[in-house]
Amino acid sequence: MIVQKELPVIKHKIENGLIIIGSDFHYPFHDELAVEAFLNYCKIKQPEVIVLNGDLLDFYRLSRFSKGEGRNPKEEIDMVKDLLSNIRESCPESIVYYPIGNHETRLEKYVYDKAPEIASIVDNFYEILGCEGLGIKGCSKVLFNGSFVCKHGQLLGKKAGQSAMKELENSYMSGATGHTHRLSKFITRKSENKYIWLETGCLCSLKPEYMLDPDWQQGFCTVEFSNGELYKTNCFEIENGVIL
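Please read all numbers here as calculations on a predicted model, not as lab measurements.

What counts, and at which threshold
- Residues numbered from 1 in each chain as written.
- Predicted model: local features only at pLDDT ≥ 70, side-chain atom pairs only at ≥ 80, totals over all residues.
- Heavy atoms only, no water.
- Helix = DSSP H or I, 4+ residues; strand = E, 2+ residues; numbered from the N terminus.
- Buried < 20%, exposed > 50% of the residue type's maximum accessible area, 1.4 Å probe, protein only.
- Contact = heavy atoms within 4.5 Å.
- Areas by Shrake-Rupley, 256 points an atom, 1.4 Å probe, with all protein chains shown as cover.
- Polar contact = N/O pair within 3.5 Å; in protein donor to acceptor, adjacent residues only side chain to side chain.
- Axes fitted to C-alpha atoms, helices over the stretch in contact; angles between N-to-C directions.
- Parallel < 35°, antiparallel > 145°, perpendicular 65-115°, else oblique.
- Left-handed = near helix turned anticlockwise from the far one by under 90°.
- Nonpolar A, V, L, I, M, F, W, Y, C, P; charged D, E, K, R; others polar.
- Pairing = 2+ DSSP bridges.
- Salt bridge = Lys/Arg side-chain N within 4 Å of Asp/Glu carboxyl O.

Novice: Just to check I follow, could you spell out the overall build of the chain for this structure?
Specialist: When its secondary structure is counted, the chain shows seven helices and 13 strands. In the chain, which comprises 244 residues, the share counted as buried stands at 53%. In the chain, once contacts between residues fewer than 6 apart in sequence are set aside, the share between residues at least 24 apart is 68%. Just so you have it, the chain exposes about 12100 Å², and 48% of that area is on carbon and sulfur atoms.

Structure, rendered in structure tokens:
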């Protein structure tokens, strides 16, 4: 079975182009209007790269936490297959990367903990989703021009922006992470260089059945390169299915 540590770091050289980054869909706890807004934006912009920055699935029933009446993993997988097919159909020329998130690794952990004997049957999470046939590349993270990294992230803060600060200090470069379900842009200067870190929000419901009143923001981020250099970054908030 493929494990997280075996996934590649993809290095991508971009001269002049747009990258759209969305994360934390958490199917089946996604927000249909927010997802539709994200897909429509991708379809209009036709970016060079789309980064699906982890936690597309929730794998609710595989969680170590107490569970209510969740969906089974097969239902979640089928939903995300439809999402990936929709993205490929809408943006046929875009390069699509899919860094793994902590919720995707729930499958790996569950199989190894509960049934290691069948690990070879489950084998490759990205194969289960049909990513190869859609030209979608699974990875641990994506490094653009050696200076901007997209990964799901793991460093948390209590409020929007705090995770971005921690990730930037830990990475010594600019980048974008999901995981927190918050939307923010943190900018700092060191040794006369500017660094930017984005928290890319979420595209899941703001009223999930397993949490009361979460401090989350729906949205996504964009990154533009010009002449091989990081040129512009934006965070787009979504409210009631509308990009603000």
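This is not the end of the story, as more comes after the structure.
Novice: Please explain unusual backbone geometry as it appears in this structure.
Specialist: If a residue is not glycine, its phi is most likely negative; likewise, a peptide bond is most likely trans. For the bond from Y27 to P28, the omega torsion is 15°, close enough to zero to count as cis. Along the chain, P28 turns up in the loop between β2 (17-22) and α1 (32-45). Its identity is not glycine, yet H179 carries a phi of approximately 75°, on the positive side. Relative to the helices and strands, H179 is located in the loop between β8 (174-177) and β9 (183-190). The phi dihedral of H181 is positive, around 65°, even though this residue is not glycine. For H181, the position within the fold is in the loop between β8 and β9. The exposure class assigned to H181 is buried, which follows from its relative accessible area of 6%.

Novice: I keep staring at the side chain of R182 and nothing clicks. Help me out?
Specialist: Relative to the helices and strands, R182 is located in the loop between β8 and β9. The exposure class assigned to R182 is buried, which follows from its relative accessible area of 11%. Here the side chain of R182 touches D215 through a polar contact of 3.3 Å, landing on its backbone oxygen. In this structure R182 touches G157, K158, K159, A160, E199, T200, G201, D215 and Q217, once residues within four positions along its chain are discounted.

Novice: Would you take a moment to explain the packing of α1 against helix α2 (residues 73-90) for this structure?
Specialist: The angle between the axes and the distance between the axes are what describe a pair of packed helices. Packing of α1 against α2 leaves a shortest axis separation of 9 Å and a crossing angle of 25°. The angle between α1 and α2 falls in the class roughly parallel. As α1 packs across α2, the resulting crossing turns out to be right-handed. Residues V35, L39 and K43 of α1 form the contact with α2, whose own contacting residues are L83, N86, I87 and S90. A breakdown of the residues in the contact of α1 with α2 according to their chemical character gives four nonpolar, two polar and one charged.

Novice: Would you mind showing me how to read the sheet that holds strand β1 (residues 9-12) here?
Specialist: Within a beta sheet, neighbouring strands are joined by backbone hydrogen bonds and run either parallel or antiparallel to one another. Across the sheet, six strands lie side by side as β1-β6-β7-β8-β10-β9; this open sheet has mixed pairing. Taken across any chain shown, the strands that pair with only one partner, and hence form the sheet edges, are β1 and β9. Ignoring which end each strand starts from, the neighbouring axes of this sheet average 15° apart. In this sheet, strand β6 (residues 141-144) lies alongside β1 in parallel orientation, the contact comprising four bridges. Bridging from a neighbouring strand, I10 pairs with V142 of β6. Packed on one face of the sheet, helix α7 (residues 162-171) meets β7 (148-151), β8, β9 and β10 (193-200) and runs near 130° to β10.

Novice: Whenever I open this one, the pattern of salt bridges confuses me. Can you help?
Specialist: Opposite charge on two side chains makes pairing possible when the charged atoms of those side chains draw close. Throughout the structure, instances matching the rule amount to six salt bridges. Here E224 makes a salt bridge to K232, at a shortest N to O gap of 3.6 Å. According to the relative accessible area criterion, K232 is partly exposed, its value standing at 35%.

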